Amino acid sequence: MDDTARALQRYKELVDDWDALVDVSRRPLPLVVWQNPLRRTHVERLAVGVGLDRGATVGDLLATRGYEVEPLAWRKGAWRVRGVDKPGRTLEHYLGLMHVQEEVSLAPSEVLAAKAGEAVLDFCAAPGGKTACIAVGMRNTGTVVANDLRPQRLRPLRSNCERLGILNVVITPINGMRFPLDAGPFDRMLLDVPCSCEGNLRDSRPSTRRVRHSQVEGRGGLQATLLGRAWKLLRPGGVMVYSTCTFAPEENELVLDYALGEDAVIEPFEIAGLRHDPGVTRWAGKDLRADCANLARYWPHHNNTGGFTIARIRKVAANG
Amino acid sequence: MGDRYCPVDGAPYLEWWQQQFDAPAETLRACSFWQRGRFSIWVAAAGVDPGELAPVDGVGIPFLRTGREVWKPTSVAVIEFGLHAKRNVVDLDRDETSCFLDREVIEFAEDDPRRTLPNRGFVIARYHGLPVGCGLWRRGTLGSSVPKGRRLADVDAPIRN
Ligand SMILES: C[S@@+](CC[C@H](N)C(=O)[O-])C[C@H]1O[C@@H](n2cnc3c(N)ncnc32)[C@H](O)[C@@H]1O
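Residues numbered from 1 in each chain as written. Chains lettered and ligands numbered in written order. Predicted model: local features only at pLDDT ≥ 70, side-chain atom pairs only at ≥ 80, totals over all residues. Heavy atoms only, no water.

## Brief notes about the packing of aromatic side chains
All names here are of chain B.
Link 1 in the chain: With the rule as written, the count across this model stands at 16 aromatic pairs over all chains.
Link 2 in the chain: Relative to Phe-63, the ring of Phe-33 has its centre 5.6 Å away and its plane inclined at 75°; by these criteria the two rings are edge-to-face. Of the two residues, Phe-33 sits in strand 2 (residues 31–36) while Phe-63 sits in strand 5 (residues 61–65), which places them 30 residues apart along the sequence. (Phe/Tyr/Trp six-rings, centres within 6.5 Å; stacked < 30°, edge-to-face > 60°. Helix = DSSP H or I, 4+ residues; strand = E, 2+ residues; numbered from the N terminus.)

## Digging into unusual backbone geometry
Link 1 in the chain: A cis amide bond links Ala-126 of chain A to the next residue, Pro-127 of chain A, at an omega of 0°.
Link 2 in the chain: Along the polypeptide, Pro-127 of chain A turns up in the loop between strand 5 (119–122) and helix 7 (129–137).
Link 3 in the chain: Across the junction of Ala-54 of chain B and Pro-55 of chain B, the peptide omega takes the value -5°, indicating a cis bond.
Link 4 in the chain: Note that Pro-55 of chain B resides in the loop between strand 3 (40–45) and strand 4 (58–59).
Link 5 in the chain: In this structure, Ala-113 of chain A takes a positive phi of about 50° despite not being glycine.
Link 6 in the chain: By the secondary structure assignment, Ala-113 of chain A is in the loop between helix 6 (107–112) and strand 5.
Link 7 in the chain: On the basis of relative accessible area, Ala-113 of chain A is assigned to the partly exposed category, the value being 34%. (Buried < 20%, exposed > 50% of the residue type's maximum accessible area, 1.4 Å probe, protein only.)

## Focus on the domain arrangement of chain A
Residue and element names in this part refer to chain A.
Link 1 in the chain: Looking at the assigned domains, one finds that chain A contains domain 1 (3–29 + 104–315) and domain 2 (31–101).
Link 2 in the chain: If you average the C-alpha positions of domain 1 and of domain 2, the two centres end up 27 Å apart.
Link 3 in the chain: Taken together, the contacts link 24 residues of domain 1 with 19 residues of domain 2.
Link 4 in the chain: Sorting the residues of domain 1 by area buried against domain 2 places Leu-106, Arg-163 and Leu-164 first, and these three jointly supply 39% of that buried surface.
Link 5 in the chain: Across the domain 1-domain 2 interface, the total number found is 1 salt bridge.
Link 6 in the chain: Looking at the side of domain 1 that touches domain 2, the elements that each hand over two or more residues are helix 6, helix 7 and helix 8 (151–164). (Domains from an automatic or database assignment. Contact = heavy atoms within 4.5 Å. Buried area = accessible area lost by both parts, 1.4 Å probe. Salt bridge = Lys/Arg side-chain N within 4 Å of Asp/Glu carboxyl O.)

## Observations regarding helix 2 (residues 18–25) of chain A
Link 1 in the chain: For helix 2 of chain A, the full list of buried residues reads Trp-18, Leu-21, Val-22, Val-24 and Ser-25 of chain A.
Link 2 in the chain: Tucked into the core, helix 2 of chain A has its buried residues touching helix 1 (3–8) and helix 12 (300–303) of chain A.

## Some remarks on the domain arrangement of chain B
Residues and elements named next belong to chain B.
Link 1 in the chain: Once the domains are mapped, chain B shows domain 1 (5–81) and domain 2 (89–150).
Link 2 in the chain: Of note, the centres of domain 1 and domain 2, computed from C-alpha atoms alone, are 23 Å apart.
Link 3 in the chain: In this complex, domain 1 contributes 11 residues to the contact, which on the side of domain 2 involves 11 residues.
Link 4 in the chain: With both sides pooled, the region where domain 1 packs onto domain 2 buries about 920 Å², and carbon together with sulfur makes up 71% of that total.
Link 5 in the chain: Remark: the boundary between domain 1 and domain 2 carries 0 salt bridges.
Link 6 in the chain: Of all elements in the fold, only helix 1 (11–21), strand 6 (72–73) and helix 3 (75–81) reach the threshold of two or more residues within the side of domain 1 that touches domain 2.
Link 7 in the chain: Broken down by element, the side of domain 1 that touches domain 2 gets its largest block of residues, 4 residues, from helix 3.

## What about the sheet that holds strand 5 of chain B?
Residues and elements named next belong to chain B.
Link 1 in the chain: Pairing in this open sheet of 5 strands is antiparallel, and the strands run 1-2-3-5-6 from one edge to the other. Of all the strands in the sheet, the pair left with one neighbour each is strand 1 (5–8) and strand 6.
Link 2 in the chain: As paired strands, strand 5 and strand 6 are joined by 2 bridges and run antiparallel to one another. Counted as the bridge partner of Arg-65 is Lys-72 from strand 6.
Link 3 in the chain: Strands strand 1, strand 2, strand 3, strand 5 and strand 6 of the sheet are contacted by helix 1, whose axis makes an angle of about 70° with strand 5. (Pairing = 2+ DSSP bridges. Axes fitted to C-alpha atoms, helices over the stretch in contact; angles between N-to-C directions.)

## Considerations on empty space enclosed by the protein
Link 1 in the chain: Inspection of the entire model under this criterion finds 1 cavity of 30 Å³ or more.
Link 2 in the chain: The volume enclosed by the largest cavity comes to roughly 60 Å³.
Link 3 in the chain: If you go around the largest cavity, the residues you meet are Arg-39, Tyr-94, Leu-95, Glu-162 and Arg-163 of chain A together with Ser-75, Val-76, Ile-79, Pro-147 and Arg-150 of chain B.
Link 4 in the chain: Going through the elements one at a time, helix 8 of chain A together with helix 3 of chain B are the ones with two or more residues in the lining of the largest cavity.
Link 5 in the chain: The biggest single contributor to the lining of the largest cavity is helix 3 of chain B, with 3 residues.
Link 6 in the chain: Tallied by class, the residues present in the lining of the largest cavity amount to 5 nonpolar, 1 polar and 4 charged. (1 Å grid on protein atoms, 1.4 Å probe; cavity = no way out; pocket = protein on both sides within 12 Å on 5 of 7 lines; lining within 4 Å. Points joined across faces, edges and corners; volume = space filled by probe spheres on them. Nonpolar A, V, L, I, M, F, W, Y, C, P; charged D, E, K, R; others polar.)

## A closer look at the pattern of salt bridges
All names here are of chain A.
Link 1 in the chain: Under the counting rule described, the total for this entry stands at 28 salt bridges over all chains.
Link 2 in the chain: Between Arg-65 and Glu-92 there is a salt bridge whose closest N-O contact spans 2.7 Å. Taken as a pair, Arg-65 in the loop between helix 4 (58–64) and strand 2 (68–71) and Glu-92 in helix 5 (residues 91–94) lie far apart in primary sequence, 27 residues in all.
Link 3 in the chain: With relative accessibility at 0%, the residue Arg-65 sits in the buried group.
Link 4 in the chain: Owing to a relative accessible area of 0%, Glu-92 belongs among the buried residues under this scheme.
Link 5 in the chain: A salt bridge links Glu-253 to Arg-297, with the shortest nitrogen-to-oxygen separation between them at 3.0 Å. Taken together, the residues span a long stretch of sequence, with Glu-253 in helix 11 (residues 253–259) and Arg-297 in strand 14 (residues 296–298) at a distance of 44 residues. Here Glu-253 matches Arg-297 in class, with each residue buried.

Structure representation (structure tokens):
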């Protein structure tokens, strides 16, 4: 048994086709780019300049560069790209016409569905792919506070906002456990918490390949503390998306079971074209909140992506 | 890092932009302006509000560096807001754009019509009518202000059929 199989061993009973999971986890991840909707006029000018139609997309532009591009089934304006060189080394990228990101990490911002003009908090934001998705989704209106404990990890976030022309982001380097409570309330928030990163097995960067199993249990405390703090900053009726790039129930369902009270409802959701499994309501002999079933578990072999777990939680009146 | 960002009246910067680039300023007029340190002006969406948050490590994008006798727009601001500029614009061909994005200085021949630009000042470099960055024009040469971390060796990389 190799490292990959060993890392996934404990999920045998959770997944439909464990061999397929192990198999896909050994293969590299497809690269995905999404078109920046804030730069429509820029795309149009470049397209005309290089002899394409006015209505050409970034996908079309990349195709003329020799990339193989395949539109995502579940999201408009995004493509899997293959071939030649890194898409991050193109004029389209330099000009902020597009962003390169792992496919399944586009999902949390879809689930968050932030609207124009809202106040949004991205609690653990660096290096910022999800912040960018949220901010452009709000069409450069409202405010997105992008926070992260580590200032140096915020540098690429800032650089991406500048490149993409994102004007509605405020960056803060604050420890989430001490995030000022008078900074709220926020309409929506994303809690993409630090985790053991099992879902990143397919990432080829050596730093992300290490599976930090010993951390699976140790992380739960930090995750629950961050959630507890952020919860106080969410307005009643507001939505929090809690996500991890890991499969461990200890970092997902168990954290929510421990940290959420009666003023929280984990809501069901579905992204058409992106398959997910339900969350678990029993793990290691313990019964969990029934609404933990509404978590979405994105297994790598179901959509040929990285692994991800997402919960959409609404704040309701405590005794309502 | 951790510098304060203070809201400022954008009027002088708008006026400068309009003057410098003979460009409509509607999009900019709908923005908020922030000062960081003594010389750095940032631009953000109108509704952006950091409230009482501190420390803050960025509000919107950097717009302009003031302080010297000539103000210097950032390349990211030029790309974002420079689409409709009519003055102080230099149109580059493909090889020139590649040099520019690789931070090389471009020299224009004596008889190049683009030499009619004023002697010295910050200009918008364009490729296919699209702003690609801010440059310093000096008597027929164009220096590139593309930040080191963003340089790009070839506009047609990897290939363009
Ligand atoms: C999974 S990563 C976030 C990825 C990011 N959302 C994105 O899409 O690019 C988790 C982040 O949490 C940050 N972090 C760890 N402890 C934190 C704390 N106490 N407060 C705030 N952020 C923290 C880490 O620095 C790390 O950048």
